[in-house]
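Survey of secondary and tertiary structure
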Amino acid sequence: MEKEAVILIHGMGRSSRSMKSLERFLKAEGYFTYNQSYPSTVSQVERSSIHYINSALANIPHSVSEVHFVTHSLGGILVRYYLSRHTINKLGRIVMLAPPNQGSDVAEKYREHFWYKWITGVPGQQLHKTNNPLLENLKPIPVEVGVIAGTSSSDPWFNHVFKSDHDGKVSVENTKLPEMKDLITVNHGHTFIMNKRKVKQYILNFLTSGNFYRQKKAV
């Protein structure tokens, strides 16, 4: 059987270390993986997207049969921006963990505050919900995409900005895409959602079959 590849993209303020546990899991399942850090609080989303994904594709063996993506938070926006302007040969499926696809309530409320600008940098100014040219101009993803959203807050100090289920950073509603094939919620917070055993199994199921419940529900 030909090997498949998974490009992992971490979220804002994180590094490749945040995706290491998931990377080890996918490698053990036989996938070739690419997992590197990028300046997620420095460079504009547009620049990080092109640089990171071009570098990833250049490091993937030509012999792989499919190229999948698994992203966390801001990483999902990087993929959407790239696919709005480029095509990828052998593009497979995409799983997004807690993506701010429709923006973030936290960014909407606090993006003008000094502390928020200091912590999140330039990309933090690109994730508000209203009148956002970056998000409004992204095209539909042309392959099967699944979204995993958290419903338990890992950032209780932000709970007051939400009016519906959320993970502390992004509401379930704002993770959605019109073209997504499936969405599943898990009782986990935003920051460490990628490390949960159940989430890893859901990712594997979707990459394998385009269904979060491929054979049996993860325990």
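Per-chain numbering applies: the sequence of each chain, read as written, is numbered from 1 onward. Selection of residues for local features in this predicted model requires a pLDDT of at least 70, selection of side-chain atom pairs for listing and counting requires 80 or more, and totals for whole chains, interfaces and linings are taken over all residues. Heavy atoms throughout the structure, all of them, feed into the side-chain values; hydrogens and water do not.

Things to note about helix 3 (residues 74–85)
The condition is simple: Helix and strand definitions here come from DSSP, where helices need a minimum of 4 consecutive H or I residues and strands a minimum of 2 consecutive E residues; each element is numbered from the N-terminal end. A helix is expected to span 1.5 Å for every residue after the first. Relative accessibility thresholds used throughout: buried, under 20% of the residue-type maximum; exposed, over 50%; partly exposed, between the two (1.4 Å probe, protein chains only). Whether two residues are in contact is decided by their heavy atoms: any pair within 4.5 Å suffices.
Between its terminal C-alpha atoms helix 3 stretches 18 Å, which fits the 16 Å expected from twelve residues at 1.5 Å a residue. For helix 3, the tally of buried residues reaches eleven of twelve residues, placing the bulk of the element in the interior. Every buried residue of helix 3 is accounted for by Leu74, Gly75, Gly76, Ile77, Leu78, Val79, Arg80, Tyr81, Tyr82, Leu83 and Ser84. Of the surrounding secondary structure, the elements contacted by the buried residues of helix 3 are strand 1 (5–9), helix 2 (45–58), strand 3 (67–72), strand 4 (91–97), helix 5 (114–124) and helix 6 (133–136).

Let's talk about the environment of Thr175
Tracing the sequence through the fold places Thr175 in the loop between strand 5 (145–150) and strand 6 (182–186). Take Thr175: its relative accessible area is 1%, and that puts it in the buried class. The spatial distance from the C-alpha of Thr175 to the C-alpha of Ala98 is 6.2 Å, given a sequence separation of 77 residues. With residues near it in sequence (within four places) discarded, Thr175 still touches Ala98, Pro99, Asn101, Val147, Ala149, Val170 and Leu183.

A closer look at the packing of helix 1 (residues 20–28) against helix 7 (residues 197–209)
We apply this condition: Where helices are involved, their axes are fitted lines through C-alpha atoms of the stretch in contact, as for all axes, and angles between N-to-C directions lie from 0 to 180°. Roughly parallel covers angles under 35 degrees, roughly antiparallel covers those over 145, roughly perpendicular covers 65 to 115, and oblique covers all other angles. We call a crossing left-handed when the near helix sits turned anticlockwise from the far one by less than a right angle, and right-handed when that turn is clockwise. Three classes are used, and their members are as follows: Ala, Val, Leu, Ile, Met, Phe, Trp, Tyr, Cys and Pro are nonpolar, Asp, Glu, Lys and Arg are charged, and the others, Gly among them, are polar.
At a minimum axis separation of 11 Å, helix 1 and helix 7 run at an interaxial angle of 45°. Put simply, helix 1 runs oblique to helix 7. Crossing of helix 1 against helix 7: the hand is right-handed. On helix 7, the residues that touch Ser21, Leu22, Phe25 and Leu26 of helix 1 are Lys200, Gln201, Ile203, Leu204 and Leu207. Residue composition of the contact of helix 1 with helix 7, by class: six nonpolar, two polar and one charged.

Here's the deal with the sheet that holds strand 5
For clarity, the threshold we go by: When DSSP finds at least two bridges between two strands, those strands are taken to pair.
Spatially, the six strands line up as an open sheet ordered 2-1-3-4-5-6, and their pairing is parallel. Looking at strand neighbours, the two that pair on one side only are strand 2 (32–35) and strand 6, the edges of this open sheet. Pairs of neighbouring strands in the sheet enclose a mean axial angle of 15°, with direction left out of account. Each of strand 1, strand 2 and strand 3 touches helix 2; the most contacted strand, strand 1, lies at about 155° to it. Sitting on the sheet, helix 7 touches strand 1, strand 3, strand 4, strand 5 and strand 6, and the angle it makes with strand 4 is about 155°.

Quick look at the pattern of salt bridges
Opposite charge on two side chains makes pairing possible when the charged atoms of those side chains draw close. Applied cut-off: For this document, the term salt bridge refers to a Lys or Arg side-chain nitrogen within 4 Å of an Asp or Glu carboxyl oxygen.
For the coordinates displayed, the defined rule picks out nine salt bridges. A salt bridge links Arg111 to Glu112, with the shortest nitrogen-to-oxygen separation between them at 3.9 Å. On the basis of relative accessibility, which here comes to 22%, the residue Arg111 falls in the partly exposed class. A residue is classified by how much of its surface remains accessible, and Glu112, at 54% relative accessible area, is exposed.

Structural notes on the packing of helix 2 against helix 3
Look at helix 2 against helix 3: their axes get within 9 Å of each other, and the N-to-C directions meet at 80°. Regarding the angle of helix 2 to helix 3, the classification is roughly perpendicular. Along its contact with helix 2, which presents Val45, Glu46, Ser48, Ser49, Ile50, Ile53, Asn54 and Leu57, the element helix 3 presents Leu74, Ile77, Leu78, Val79, Tyr81 and Tyr82. By residue class, the composition of the contact of helix 2 with helix 3 is ten nonpolar, three polar and one charged.

Structural notes on the packing of aromatic side chains
In plain terms, the rule: Note on ring pairs: Phe, Tyr and Trp rings are taken, using the six-membered ring of Trp, and paired if centres are within 6.5 Å. Classes follow the plane angle, with under 30 degrees stacked, over 60 edge-to-face and the rest tilted.
Going through the model one piece at a time under the given rule, you end up with seven aromatic pairs. Geometrically, the ring pair formed by Tyr34 and Tyr52 is edge-to-face, given 5.6 Å between the ring centres and 70° between the ring planes. On the criterion of sequence distance, the pair formed by Tyr34 in strand 2 and Tyr52 in helix 2 is long-range, its members being 18 residues apart. Across the pair, exposure class does not vary: Tyr34 and Tyr52 are buried alike. Among the aromatic residues, those joined into a cluster by ring pairs are Tyr202, Phe206, Phe212 and Tyr213.

What about unusual backbone geometry?
Phi at Ala98 takes a positive value of approximately 50°, unusual for a residue other than glycine. Here Ala98 shows up in the loop between strand 4 and helix 4 (105–110). Since its relative accessible area comes to 0%, Ala98 is described here as buried. Phi at Asn131 takes a positive value of approximately 50°, unusual for a residue other than glycine. Relative to the assigned elements, Asn131 resides in the loop between helix 5 and helix 6.

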